[in-house]
Amino acid sequence: MNIGVLGAGQLGRMLALAGYPLANRFIFLDTTGHPSAGIGDVMILNLNEEGDRKHLDAFLAKVDLVTYEFEHLPVSLVRAIEEVRPVYPSSEAIRVCQNRAEEKVLFDRLGIPTPAYRLVEHADELEAAARELGCPVVAKSVTEGYDGKGQAVLRDPGEAHDAWRSINHPRLIVEAFVEFVREVSIIAVRGRDGEVVFYPMAENQHIDGILRYSIAPMPDLDDSVQQTADGYIRALLDELDYVGVLTLELFQTLDGGLLANEMAPRVHNSGHWTMDGAVTSQFENHLRAIQGLPLGDTAARMPTCMVNVIGREGDAAQILAITDAHLHRYDKSERAGRKLAHINLVAPTHDALLAKVRACAAVLPDAPPPRFSFD
Ligand code: AMP
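Given the structure is predicted, the values throughout are model-derived calculations rather than measurements.

1. Examining the sheet that holds strand β8 (residues 172-176)
Link 1 in the chain: Within the open sheet, the 4 strands sit side by side as β5-β8-β6-β7. Their pairing is antiparallel. The sheet is open, and its two borders are formed by β5 (117-120) and β7 (151-154), each paired with just one other strand. With direction set aside, neighbouring strand axes in the sheet form an average angle of 20°.
Link 2 in the chain: Note: strand β6 (residues 137-141) against β7, 4 bridges, orientation antiparallel. Each residue of the ladder has a partner; that of V137, found in β7, is L154.
Link 3 in the chain: Sheet strands touched by helix α7 (residues 160-167): β5, β6, β7 and β8. Its angle to β7, the strand with the most contacts, is close to 170°.

See below:
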């Protein structure tokens, strides 16, 4: 099976690494001008060039089906591809997931709770929304934002005009600031036949909007909370007739309740722990799903923590000296704020795991202190 992947970053690289044992071949279509997958066949499409159809046709001629690892693509491009080859997940899933306003409308329609929000198209409306919701509020561009980009926290409605200018986007979503106990995510996979499997939820630590640590399973997670999250993501998967891996990020509040933050129509950084910590990784399961193969077991083998390596790499020998540490490098050059690699640490107990996480953070340049809600 020749698999076409829209996007050519580290997620695509890890998809390919999971697909080679299944004799899959990978052809990446990069639209950013700076692909980093470093494996497979990489083709570049210039979105600014009206009708770069020649490159698109060459890509389509090489692939049996198409998936993606990057959702900030013109929906018209995905629809054009869909006319020629199967695309999983569909262009409808990408349309909804690339727009925070569409996502929220879908969450509302399916009864999935979210932070209170307003949509605004002017600095004055932003100010009014901040007053109505009560500060602090978080303002986010409805499209193109990721890793905390295109966002601002307003501590006072008077900051609306500065925030509007700094985000510089015609449409924003304004959300009440959630005093969460922790940030969590649920990853699920839906096959072509509608079968759904769920991974154990992960607790995620973000700093400045960028994920730093994910731990799964959580030692103190009530079964009923996992079941609630499973129910939310199943509703989304079924509604979108989704095929592949879907990620839903949530806030857990003091009363144990969950509020949906955003979703990603793809394999996700908070699921990298599955590469060494679950029976079947999110990457393999995504490939199984889109090819119509049986889905693999999502159970965790042992408590696992994923540590992101950001900006500077650190010494591989020191990292690998930690027992059951697995280093996954993306073959990228160092740059402040850039995701360069991740490390999966696996241990028989959560106490032993936390000791390893601290040892790992100590040898990584710029690693923030790990903090977990249950520690
Ligand atoms: P996002 O790009 O929406 O995932 O936001 C990036 C990060 O900002 C999240 O992981 C949270 O840490 C924080 N954040 C976003 N929205 C809210 C909110 N409504 N309340 C509190 N924190 C938020």
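2. Description of the domain arrangement of the protein chain
Link 1 in the chain: For the protein chain, the assigned domains are domain 1 (2-87), domain 2 (116-176) and domain 3 (180-362).
Link 2 in the chain: On a C-alpha basis, the centres of domain 2 and domain 3 stand 29 Å from each other.

3. Brief notes about the environment of D375
Link 1 in the chain: Note on placement: D375 falls in the segment after α12 (350-363).
Link 2 in the chain: Counting along the chain gives 21 residues from D375 to L354, while the straight-line C-alpha distance between them is 8.3 Å.
Link 3 in the chain: Non-local contacts of D375, meaning those with residues more than four positions away in its chain, are made with L354 and R358.
Link 4 in the chain: Polar contacts involving the side chain of D375 include one to the side chain of R358, which spans 2.5 Å.

4. Overview of the side chain of Q205
Link 1 in the chain: Tracing the backbone shows Q205 in strand β11 (residues 202-207).
Link 2 in the chain: The class of Q205 is buried, set by a relative accessible area of 9%.
Link 3 in the chain: With sequence-adjacent residues up to four places away left out, Q205 is seen in contact with I210, L211, R212, Y213, P369, P370 and R371.

5. Looking at the sheet that holds strand β2 (residues 25-30)
Link 1 in the chain: Taken in spatial order, the 4 strands of this open sheet run β3-β2-β1-β4, and their pairing is parallel. In the strand order of this sheet, the two ends are held by β3 (41-44) and β4 (65-68), each with one partner. In this sheet, adjacent strand axes meet at a mean angle of 25° when their direction is disregarded.
Link 2 in the chain: In terms of strand pairing, strand β1 (residues 2-6) meets β2 through 5 bridges, oriented parallel. Note on β2: the bridge partner recorded for I3 is F26.
Link 3 in the chain: Relative to the sheet, helix α2 (residues 53-62) contacts β1, β2, β3 and β4, its axis offset from that of β3 by approximately 155°.

Parameters and conventions
Residues numbered from 1 in each chain as written. Predicted model: local features only at pLDDT ≥ 70, side-chain atom pairs only at ≥ 80, totals over all residues. Heavy atoms only, no water. Pairing = 2+ DSSP bridges. Helix = DSSP H or I, 4+ residues; strand = E, 2+ residues; numbered from the N terminus. Axes fitted to C-alpha atoms, helices over the stretch in contact; angles between N-to-C directions. Contact = heavy atoms within 4.5 Å. Domains from an automatic or database assignment. Polar contact = N/O pair within 3.5 Å; in protein donor to acceptor, adjacent residues only side chain to side chain. Buried < 20%, exposed > 50% of the residue type's maximum accessible area, 1.4 Å probe, protein only.

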